[in-house]
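This is what each chain is made of:
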Amino acid sequence: MIDFDLLQLLLLPLLAGIGIALVAGPLGAFVVWRRMAYFGDTLAHSALLGVALGVIADWNLTVSMMLAGVFISLALWQLQNRSPLASDTLLGILSHSALALGLVCVSLLSAKRINLFGYLFGDLLTVGYADIAVIYLAGAACLAVLAYCWRPLVMAAIDEDLARVEGYSVEKLRLLLMVLMATVVAISMKLVGVLLITALLIIPAAAARRLTHSPEAMAIVASMVGVLSVIGGIFSSVLFDIPAGPAVVLTAAFVFMASLIKK
Amino acid sequence: MSLLSLQEVNLSFNQRTVLSAIDFSIGEAEICTIIGPNGAGKSTLVKIMIGLLQPDSGQVKRQADLRIGYVPQKLHLDRGMPLNVKRFLALTGASKQEVQATFQQFDIKHLATEQIHGLSGGELQRVLLARAVLRKPQLLVLDEPLQGVDVIGQAKLYRLIASLREQLNCAIIMVSHDLHLVMAQTDSVLCLNQHVCCHGEPESVSRHPEYLRLFGGAVAEDLAVYTHHHDHQHDLHGNILNADHSACSHD
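This one's a predicted model, so the numbers in the text were calculated from it and none came from an experiment. (Residues numbered from 1 in each chain as written. Chains lettered and ligands numbered in written order. Predicted model: local features only at pLDDT ≥ 70, side-chain atom pairs only at ≥ 80, totals over all residues. Heavy atoms only, no water.)

A.B. asks: Tell me what's going on with the interface of chain B and chain A, and back it up with residues and numbers.
C.D. replies: Often, the extent of an interface is quoted as the loss of accessible area on bringing the components together. With 26 residues of chain B at the contact, the number on the chain A side is 21 residues. Surface buried jointly by chain B and chain A totals about 2100 Å² across both partners, of which 59% is contributed by carbon and sulfur atoms. It is M81(B), P82(B) and L91(B) that lose the most area in chain B upon contact with chain A, and together they represent 28% of the buried surface on that side. Viewed at the interface, chain A and chain B are joined by 4 salt bridges. Across the pair E166(A) and R131(B) runs a salt bridge, and its minimum N-O distance is 2.3 Å. Linking chain B with chain A are 9 residue pairs in polar contact (both at pLDDT 80 or more), by the criterion used here. When contributions to the side of chain B that touches chain A are tallied by element, the ones reaching two or more residues are β5 (68-71) and α2 (85-90) of chain B. Of the residues belonging to the side of chain B that touches chain A, the class tally is 12 nonpolar, 7 polar and 7 charged. (Contact = heavy atoms within 4.5 Å. Buried area = accessible area lost by both parts, 1.4 Å probe. Salt bridge = Lys/Arg side-chain N within 4 Å of Asp/Glu carboxyl O. Polar contact = N/O pair within 3.5 Å; in protein donor to acceptor, adjacent residues only side chain to side chain. Helix = DSSP H or I, 4+ residues; strand = E, 2+ residues; numbered from the N terminus. Nonpolar A, V, L, I, M, F, W, Y, C, P; charged D, E, K, R; others polar.)

Structure, rendered in structure tokens:
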């Protein structure tokens, strides 16, 4: 017994979620390899600031989220070169400053113009055709860049010194990865929201780690785990009447736990 | 024409001098061993040579498009990345045949499908060396390739490294933790303790009956001693105590 109305209602959210999961898989693998989880959180926090500024300036919100992420990436890059403080301390400063500034900006806007709750926890069921187009265009561009720069990116993730001696421009690769992450975070806001975006990058990749024996396989399996989590999460959100974003993340967490069973 | 040369290179970290007034050069197919006590700046010097660190002052000249094969002390591979030996070598862009040939040469065929994380120290060193060689370097740079390898193993590895010069016609710079025992084929030895203490040629171990007695003839062919008496001494901070700076004397 299939409810076609329900399927139609879920089609766009499913398409959006699958598109995001496909690109979040390989990118998430790099986040795991390079220990950039905290950086992912920082990007998510800065994305909220991007939304607020985007509403004020009346810009496209996805673009303004991306710009905020790129700005934070550059700020971190500069601070890392100048400050004796450890990266996670710098990230803690940037991350929470961006979040605080974002919350202040949101509060200055009238409550009608911005649905804070939607941005914090995701608002998957309001996905429209334009969102799908943005997700698939940006996602395909990210995947193309990842595929084109795969070997240099993997080498830099293995050992930056070794990659540098072999002639790869390690600084540029690091910046490239940050920009790709900012893009994926921006297109993922609708799916899971600020608070859970990093989970979408990390959990599928972490689940894939125990199931694979090469970096390429890990990236592909991470995508598959992500797609599975999106499908499982969205259907269970309808079945149990729970929010979609957290349901997707929980499904991914279940897959991760299942991966632990393998010896 | 030298592949690489350093002139008056100085470097300090937080006002502590790490290297001072280093002059160095290496030509095609030359082998140079860098020795010195812990904290002498050996690894730092090597990193300056290959461009991983910039000196505070002085000049570093590398031949244009110099292909360097680098064997670091250790690999910073995160445990989150699954990676086996075969894939690691293939990431150089070398063909399957070349990778297979390297497996034979470095005696690592049995490790092909092993994960990098599971290798022992000695195995990892051989894999790193194989990977450096796959790039067909003009200059091979080895940072303490013999850590934790016994003397017999050292002799074998030295023979392998020396054969690479014949095979690739490459120059080799090697950092050694041993102050007196170096590779027989070494053309020159640079003794470093923040400055260049001395720079000279080694003598064959086989002429030293004591080493012969210790290690036997087979090993002695691959090792050499570097006998050196410094014209100055260092205090605990590495400062020179009695610097009248004539050259070191050699036996």
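A.B. asks: I'd like a rundown of the nonpolar core, residues and numbers included.
C.D. replies: Ranked by size, the top nonpolar core spans 162 residues in total, and within it I158(A), F88(B), L89(B) and I116(B) carry the most contacts. No fewer than three residues from each of domain 1 (1-67 + 138-242) and domain 2 (78-136) of chain B sit in this core. In terms of nonpolar packing, the next biggest core, distinct from the first, is built from 8 residues, I35(B), V189(B), C198(B) and Y226(B) among them. (Core = buried A, V, L, I, M, F, W, Y, C linked by side-chain atoms within 4.5 Å. Buried < 20%, exposed > 50% of the residue type's maximum accessible area, 1.4 Å probe, protein only. Domains from an automatic or database assignment.)

A.B. asks: I'd love a proper account of the packing of aromatic side chains, names of residues and values included.
C.D. replies: All names here are of chain A. Tallied over the full model, the rule gives 3 aromatic pairs over all chains. A centroid spacing of 5.3 Å and a plane angle of 70° characterise the contact between F30 and W150, whose relative ring orientation is edge-to-face. With F30 in helix α1 (residues 4-33) and W150 in helix α7 (residues 150-158), this pair connects stretches of sequence that are 120 residues apart. The two residues F30 and W150 agree in class, both being buried. Relative to W150, the ring of W33 has its centre 6.5 Å away and its plane inclined at 70°; by these criteria the two rings are edge-to-face. Taken together, the residues W33 in helix α1 and W150 in helix α7 connect sequence positions 117 residues apart. W150 shares its class with W33; the two are buried. Feature note: the residues F30, W33 and W150 constitute an aromatic cluster, connected by ring pairs. (Phe/Tyr/Trp six-rings, centres within 6.5 Å; stacked < 30°, edge-to-face > 60°.)

A.B. asks: Please provide a residue-by-residue account of empty space enclosed by the protein, values included.
C.D. replies: For the structure on display, the rule yields 2 cavities of 30 Å³ or more. When its volume is computed, the largest cavity comes out at roughly 50 Å³. Lining the largest cavity are L162(A), V165(A), E166(A), Y70(B), L128(B), R131(B) and A132(B). Elements that contribute at least two residues to the lining of the largest cavity include exactly α8 (160-165) of chain A together with α4 (121-134) of chain B. Broken down by element, the lining of the largest cavity gets its largest block of residues, 3 residues, from α4(B). Residues belonging to the lining of the largest cavity are distributed by class as follows: 5 nonpolar, no polar and 2 charged. Taken as a whole, the second largest cavity holds about 40 Å³ of empty space. Around the second largest cavity sit V71(B), Q125(B), R126(B), L129(B), L142(B), P145(B) and L157(B), which together line it. Top element by residues in the lining of the second largest cavity is α4(B). It accounts for 3 residues. Tallied by class, the residues present in the lining of the second largest cavity amount to 5 nonpolar, 1 polar and 1 charged. (1 Å grid on protein atoms, 1.4 Å probe; cavity = no way out; pocket = protein on both sides within 12 Å on 5 of 7 lines; lining within 4 Å. Points joined across faces, edges and corners; volume = space filled by probe spheres on them.)

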